[in-house]
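# Report on the structure
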Amino acid sequence: MVAINNKKLLKNNKGISLIDIMIAIAVLAILITPIILQVTTTINTSAKAKEKQYVVDSAASVMEYFKQTSMDDIKKNAPTATDKNIDFKNEEMIDNMDTVAFKGAECHIFVDGNDTGAVVKYNGYDVALNDVKLGRAKREYDRTVVISDLANKLLSGKASNGKRYRINYEVDLNKSSSTYTKIKADSAFEIQSDHSAVKFETVNHGGVDYSHISAVDCVEVTDSSYVDPNSVSLGNIQDLDSDKIAIIEGEATKLDHRFEKDLIAMFLDYDSRHKGSSMIDDGWFDNPTLLNANIKGLIKANTNTFNRMIMIAVTARKNAAGKIYYHVDVKVRYYLKFNNTSYKVFNGSNEGQKTYEVMNRDFFTSEPPDVYMIYEPFITDYNSAFAEYAYTDYVTIQSDPYTSGYYKLNPPDTAEDYSKYDASKIYLIKPTNSWQTASGAANGIDPSDADYEQKKNMYYTLKAGSYVPVKISVNQVYSTVDMGDGNVVNYTPSECYPLQIITNISSYHDDSLNVDWVHNGISNPKDKSSIIADDSDEVQFVRSYDSNACPKIDSTSGEGTRAAYSLGIKADESQIGDLYFEDGDGDECVYSIVPWQGESNYSGKVYNITVTYKSPTGDVTYLTGAKGAD
């Protein structure tokens, strides 16, 4: 056994010296420093990436707003209530879009990465948003939006060389073609989110720097021509979306023929049950052609009373949760009273009516829907060589405080936002190819006539051997409205403004006939000197009635109350335009019946959009896109 000298071992145990600790710390520092640097770099990189994502998300929100919002709403500085990311810096946009407009910006055209030497001049609007703080460091970003018609000018052949181009939206720098090699080599080109390659120049407008496109890579277009939608008037309505607007195309006119056939069926039915009666000569039913002619004769006979009424109702309803939606109800009612009391075809009576439903539909839209109706007066003869309409045609329009704009101008004292209840509009449109125009000069609208431009937008009929304009009698309806939630509301006339009628049908103004002042089709509507005012029968829109002249809504029960259609409608500033006037009380009004007219081009249908975010260090993030039809 070996003996262990414990004393010697104890003497050799000197412990850990300070030098050993310092050496260990130095070694540890050498080892951990790269790890710390790597972690720090990772944290910073992550923070920058997150900030970059915040910038992209914020810019995308701005882009979406400008893509989805009409130019009119942008002009009014009306961001959506849910998007707090939109905060206009240039408040002057509220009243004057021209303050942010620019014209004649020059853009150089490249094809396959080569400068063609051609330029195109384009127009647009510079919009500044208030700065926004983003990221962990809350860095402040300058934000601008440029809305331009560059793509339209290129496609329309407005380049200096007369050629047509489209922007190349297929730029991929990973491709090996010479095109992308040249673009990649040109450091001034920026590849956009829509895969286009553009160059920017900084332009100061109103004390704010904006990024205008100064060069773009394109593809030459040689196929069909292109019409710039921003230069084309689409009329008062730009968006004929059947989910947002009640579109009625010709159904009422089709019903005229149906009513005549139903009336024939009623006579046939009556005759089958009353053979040998003295009511009708049996010869009527032996000859269908003669029967048809006789039925038309009964409708047109002055000794009988006949009228057609188109009833349009645009009203609000509530669902079980109390949310407002809208209902459009359109009916056509035909009333006939025979002077011969033995013609008891209406269930044993010589008078009665037939009502047909044209539309009965709910609209779950954010604001009350408009009604677009292709309109013709009642046609008394389809086979005539000349236009033969009923001398008078009736239209009644029903609204309520939600759909007529009353609550927008006079909001009840509640927390609800009533600004969204814009007034509905009724579009009564005379088609270019109507039944009347097919008859040519025979109906009094010979193109050689001096006043042809006015006559072609009117409906004429034959009366006492001469052609006279049809009287279109427009009345307002006040009645109970079923809100759909079990609540039936009786609105007073003062709570229901008349809905504005927009039409291309020409008319005269005649104070003695209480005829609404509309337009004559060729002159400025405000130029009253061009409007005929005499006691002739040359009139189309009648806004007054008396109890004898205007038929009841329900001819048998007399339910419903009618009123003369108002000359003017009270309006807020957003509605006041060229047709503005003050009523007798000094209230601001717009005319209740106005001409169908083009919209100013500045509203724009298709535009390029560039959203720019600039950081304090000069880093720039661009987001590009386009807005479609407003």
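Everything that follows concerns the structure shown earlier in this document.
First, a word on what this report is: a plain description of the structure on this page.

Quick notes on the rules
- Residues numbered from 1 in each chain as written.
- Predicted model: local features only at pLDDT ≥ 70, side-chain atom pairs only at ≥ 80, totals over all residues.
- Heavy atoms only, no water.
- Helix = DSSP H or I, 4+ residues; strand = E, 2+ residues; numbered from the N terminus.
- Contact = heavy atoms within 4.5 Å.
- Areas by Shrake-Rupley, 256 points an atom, 1.4 Å probe, with all protein chains shown as cover.
- Buried < 20%, exposed > 50% of the residue type's maximum accessible area, 1.4 Å probe, protein only.
- Phe/Tyr/Trp six-rings, centres within 6.5 Å; stacked < 30°, edge-to-face > 60°.
- Lys NZ or Arg CZ within 6 Å of the ring centre and 35° of its normal.
- Pairing = 2+ DSSP bridges.
- Axes fitted to C-alpha atoms, helices over the stretch in contact; angles between N-to-C directions.
- Arc of directions from axis to C-beta.
- Core = buried A, V, L, I, M, F, W, Y, C linked by side-chain atoms within 4.5 Å.

Looking only at helices and strands, the chain features nine helices and 28 strands. Taking all contacts inside the chain whose residues are at least 6 apart in sequence as the whole, residues at least 24 apart take part in 66%. Accessible surface, the chain as shown: approximately 31800 Å² in total, 49% of it carbon and sulfur.

Here the focus is unusual backbone geometry. At histidine 195, a residue that is not glycine, the phi angle is positive and equals roughly 65 degrees. On the accessibility criterion, histidine 195 (47% relative accessible area) is partly exposed. One non-glycine residue, asparagine 347, adopts positive backbone phi at about 50 degrees. With respect to the helices and strands, asparagine 347 occurs in the loop between strand 10 (324–337) and strand 11 (351–363). Note on asparagine 347: relative accessible area 83%, which makes it exposed.

Under the defined criterion, the tally for this structure stands at 24 aromatic pairs. Between tyrosine 141 and tyrosine 613, the aromatic rings sit 6.4 Å apart at their centres with planes inclined by 45 degrees, giving tilted as the arrangement. Taken together, the residues span a long stretch of sequence, with tyrosine 141 in strand 3 (residues 139–148) and tyrosine 613 in strand 27 (residues 607–614) at a distance of 472 residues. Each member of the pair, tyrosine 141 as well as tyrosine 613, carries the same accessibility label: buried. When the ring of tyrosine 406 is compared with that of tyrosine 497, the centres are 5.5 Å apart and the planes differ by 70 degrees; the resulting orientation is edge-to-face. With tyrosine 406 in helix 8 (residues 406–409) and tyrosine 497 in the loop between strand 19 (488–490) and strand 20 (500–503), this residue pair connects regions lying 91 residues apart in the sequence. Taken together, Tyr402, Tyr406, Tyr407, Tyr418, Tyr421 and Tyr497 form an aromatic cluster joined through their ring pairs. Over the ring of phenylalanine 189 we find lysine 199, and its NZ or CZ is 4.9 Å from the ring centre. Above the face of the tyrosine 459 ring, lysine 430 is positioned so that its terminal group lies 5.3 Å from the ring centre.

Once that is clear, we can look at the sheet that holds strand 8 (residues 245–249). Strands sit in the order 8-12-14-20-26 across an open sheet of five strands; the sheet is parallel. Two strands close off the open sheet at either side, each with one partner strand: strand 8 and strand 26 (593–595). Along the sheet, successive strands turn relative to each other by an average axial angle of 20 degrees, direction set aside. As paired elements, strand 8 and strand 12 (residues 370–374) share five bridges and run parallel to each other.

What follows is about the pairing of strand 3. Both faces of the sheet carry side chains from a regular strand, because those side chains alternate between them. With seven of its 10 residues buried, strand 3 lies for the most part within the structure. Counting the residues between successive antiparallel strands, the hairpin from strand 2 (residues 114–134) to strand 3 contains four residues, one of them, glycine 135, with a positive phi of roughly 85 degrees. Bridge count between strand 3 and strand 27: seven bridges; the pairing is antiparallel. Residue pairing in the sheet places serine 148 in a bridge with asparagine 608 of strand 27.

Attention now moves to helix 5 (residues 178–185). All of the buried residues along helix 5 are Thr179, Tyr180 and Ile183. When helix 5 is viewed along its axis, its buried side chains cluster within an angular range of 85 degrees and face the same direction. Next to the buried residues of helix 5 lie strand 5 (190–191), strand 6 (197–205) and strand 7 (208–221).

Attention now goes to the nonpolar core. Counting residues in hydrophobic clusters, the biggest one holds 68 residues, and the most contacted among them are Leu263, Ile312, Ile397, Tyr402 and Ile426. When neighbours within four sequence positions are excluded, isoleucine 397 is seen to be in contact with Ile312, Ile426, Val474, Asn475, Gln476, Val477, Leu499, Ile501 and Tyr565. With 24 residues, the next largest nonpolar core counts Val100, Leu129, Val145 and Leu623 among its residues.

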